[in-house]
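Here is what each chain is made of, one letter per residue.
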Amino acid sequence: MTRWRSVILDTMLMVICLGTLTMMSVAKPTIMEYFNVGKEMYDLQHIAYVLGIFVAFFLGHTKLYEGSFKKDVLLAVSFAAIPQILIPLSTSWTMVVVLRFIQGFVISLVPLFSSQIARYFVAERPFAKGIILSGIFWGGFLGAFTAGFLMQYFGWKTTFILTALMMYLMLGIWWALTEDFTVIHARGEAESKISIWKMKFTWAMGFTFFPAIWVIFTIVGFSASLGYAIGWSKSRVALLNSNLNIAKAIWSIVFGYIGYRLSANNPSPRGLFKAIIQVMTLSYVLSFIGLCLYGYAILGDNYTLALVMVWLVGTIQGTAPAFWTSAPATYPEEIFPRASFALGVISNIPNTIAPAITEMLSQINPILALSELAIMPLIGIVSLVIVSRMRLPIEELS
């Protein structure tokens, strides 16, 4: 019971932390006016936030996340909460951009929670991880409504501070009900000689999630810009993106459960890895079909079909619970927490480049951009075939 309670608490913390960060989107017109910045300058804060997400995974290879698990989660949450308090107190836009960069470090919660569920589960890891990851999208969906409601009564500055306090309130509940453990043990002489970065498997496995991240970080903003270009109303575009977020949350749980059922058949490292490959492949196949039909709907100005297809596009999130359980399944116990951060670095490279490249292609011709997104799941499938034939680190080092 304790382990599933931890899953629910982790999910709730993800919802609160990631949901409150939607404030920069909800309060955009007000903040732009307050700081007297244009759209391009305002977008710098989002670029900084995305860069922060990418840099966050490097932190797992520093002493910052060694020792107490609960302390590490406190640190990750504080990366989001403290800047949330300081943003409305900032006197310059440059300061806001820097604070948004720091807020990106909150994504460290993902590999940290992977270490936790690896202690409690084996075959059920993908299901538990799928539930936790769904919190990202539940947070995005619910956060916009909550922030908008609070802003009506308290204004944007007070709402920012209130949402930061909400993070710490949820953290307090989580802290009281969560067991502590040591995330990364002190490195012995033998372990210090093991370089995760020199393993071919690390790079190959990290790349399997690269195409999914490319689509996930691009599709929402790109869909909005295309929708407005077609002439769809703001409410229609908002409904489209809301459905996409809900779809990703639900598919995260569904594919996590599929991974659990497949893993239960053979909970050995190779058996768990086989289940990961199968789940990610199924996710990529369905999302490829969805992206093709979604592109057809967009180009044909068929809003009804597009609204239906975002649910199929959302299946690409099904790769996430499988991928984020790959480190404990394939690396020795003493190094898998660092391996999880390393896989995060490699897979999250698209954060910094995918939206810009897709937008550039769209300026040439929307068909090019839609084709690029549709090709990504195929690249993912090819990468899965390649990595499936490799020896696992736990096999090589045993």
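Just above, that's the structure.
Residues numbered from 1 in each chain as written. Predicted model: local features only at pLDDT ≥ 70, side-chain atom pairs only at ≥ 80, totals over all residues. Heavy atoms only, no water.

What follows is about the overall build of the chain. The secondary structure content of the chain amounts to 20 helices and zero strands. Within the span of the chain, comprising 398 residues, buried residues form 55% of the whole. Intrachain contacts of the chain at a sequence separation of at least 6 include 84% that bridge at least 24 residues. For the chain, the accessible surface area stands at approximately 16,300 Å², while carbon and sulfur atoms represent 68% of it. One way to put it: in the chain the 25 positive side-chain charges average out to a point 3 Å from where the 18 negative ones average out. (Helix = DSSP H or I, 4+ residues; strand = E, 2+ residues; numbered from the N terminus. Buried < 20%, exposed > 50% of the residue type's maximum accessible area, 1.4 Å probe, protein only. Contact = heavy atoms within 4.5 Å. Areas by Shrake-Rupley, 256 points an atom, 1.4 Å probe, with all protein chains shown as cover. Lys, Arg positive; Asp, Glu negative; His and termini not counted. Charge placed at Lys NZ, Arg CZ, Asp CG, Glu CD.)

Taken as a whole and assessed by the stated rule, the structure comprises 32 aromatic pairs. With a centroid separation of 4.6 Å and an interplanar angle of 20°, the aromatic rings of Phe 209 and Phe 323 are classed as stacked. A residue pair is termed long-range when its members are at least 10 positions apart, and Phe 209 in the loop between α10 (200-208) and α11 (210-230) and Phe 323 in helix α15 (residues 319-323) qualify at 114 residues. Comparing Phe 209 with Phe 323 shows no difference in burial state: the two are buried. Members of the aromatic cluster, each reached through a chain of ring pairs, are Trp 4, Tyr 120, Phe 121, Phe 127, Tyr 257 and Tyr 260. Cation over ring: Arg 236 sits above Tyr 303, and NZ or CZ is 4.4 Å from the ring centre. If you follow Arg 261 out to its NZ or CZ, it ends over the ring of Tyr 260, 5.1 Å from the centre. (Phe/Tyr/Trp six-rings, centres within 6.5 Å; stacked < 30°, edge-to-face > 60°. Lys NZ or Arg CZ within 6 Å of the ring centre and 35° of its normal.)

Packing of α11 against helix α13 (residues 269-299) leaves a shortest axis separation of 12 Å and a crossing angle of 15°. Classed by the angle they form, the pair α11 and α13 counts as roughly parallel. Of the two possible hands of crossing, α11 and α13 adopt the one that is left-handed. Listed contacts from α13 to Pro 211, Ala 212, Val 215, Ile 219, Ser 223, Leu 226 and Ile 230 of α11 are Tyr 284, Leu 291, Tyr 294 and Ile 298. Counted by class, the contact of α11 with α13 contains 10 nonpolar, one polar and no charged residues. (Axes fitted to C-alpha atoms, helices over the stretch in contact; angles between N-to-C directions. Parallel < 35°, antiparallel > 145°, perpendicular 65-115°, else oblique. Left-handed = near helix turned anticlockwise from the far one by under 90°. Nonpolar A, V, L, I, M, F, W, Y, C, P; charged D, E, K, R; others polar.)

Phi is positive for Asn 36, close to 55°, though the residue is something other than glycine. Here Asn 36 is to be found in the loop between α3 (28-35) and α4 (39-56). Judged by its relative accessible area of 70%, Asn 36 falls in the exposed class. Positive phi, normally seen in glycine, also occurs at Asp 301, with a value near 55°. By the element assignment, Asp 301 lies in the loop between α13 and α14 (303-313). Residue class for Asp 301 comes out partly exposed when judged on its relative accessible area of 44%.

Together, Met 41, Leu 44, Ile 47 and Leu 51 line one region of the surface with nonpolar side chains, adding up to about 330 Å² of accessible area. With a relative accessible area of 46%, Ile 47 lands in the partly exposed category. (Patch = residues over 30% accessible without salt bridge, like charges linked within 9 Å, V, L, I, M, F, W, Y side chains within 5 Å. Salt bridge = Lys/Arg side-chain N within 4 Å of Asp/Glu carboxyl O.)

Moving on: the side chain of Lys 70. The residue Lys 70 is located in helix α5 (residues 69-86) in this model. Although Lys 70 is buried, it makes no salt bridge; Asp 180 carries the closest opposite charge, 5.8 Å away. Apart from the residues lying within four places of it in its own chain, the contact partners of Lys 70 are Trp 174, Trp 175, Thr 178, Glu 179 and Asp 180.

Attention now moves to empty space enclosed by the protein. All told, the structure shown has one cavity of 30 Å³ or more when counted by the stated rule. Around the largest cavity, the lining residues are Val 122, Arg 125, Pro 126, Ser 263, Leu 272, Ile 276, Thr 325 and Ala 329. Within the residue set of the lining of the largest cavity, elements represented by two or more residues are α8 (125-177) and α13. Looking at the lining of the largest cavity, its residues break down into five nonpolar, two polar and one charged. (1 Å grid on protein atoms, 1.4 Å probe; cavity = no way out; pocket = protein on both sides within 12 Å on 5 of 7 lines; lining within 4 Å. Points joined across faces, edges and corners; volume = space filled by probe spheres on them.)

For α11, with 21 residues, the first-to-last C-alpha span of 29 Å sits near the 30 Å given by 1.5 Å per residue. The first or second residue beyond α11 is Gly 231, which carries a positive phi of 115°. (Expected span 1.5 Å × (residues − 1).)

This brings us to the layout of surface pockets. Counted as a void, the second largest pocket has a volume near 220 Å³. In terms of lining residues, the second largest pocket is bounded by 14 residues, among which Ser 115, Ala 118, Arg 119, Glu 333 and Phe 336 are the most central. Elements that contribute at least two residues to the lining of the second largest pocket include exactly α7 (109-120) and α17 (336-347). Considering every element that reaches the lining of the second largest pocket, the biggest residue donor is α7, with three residues. A per-class count over the lining of the second largest pocket returns eight nonpolar, three polar and three charged.

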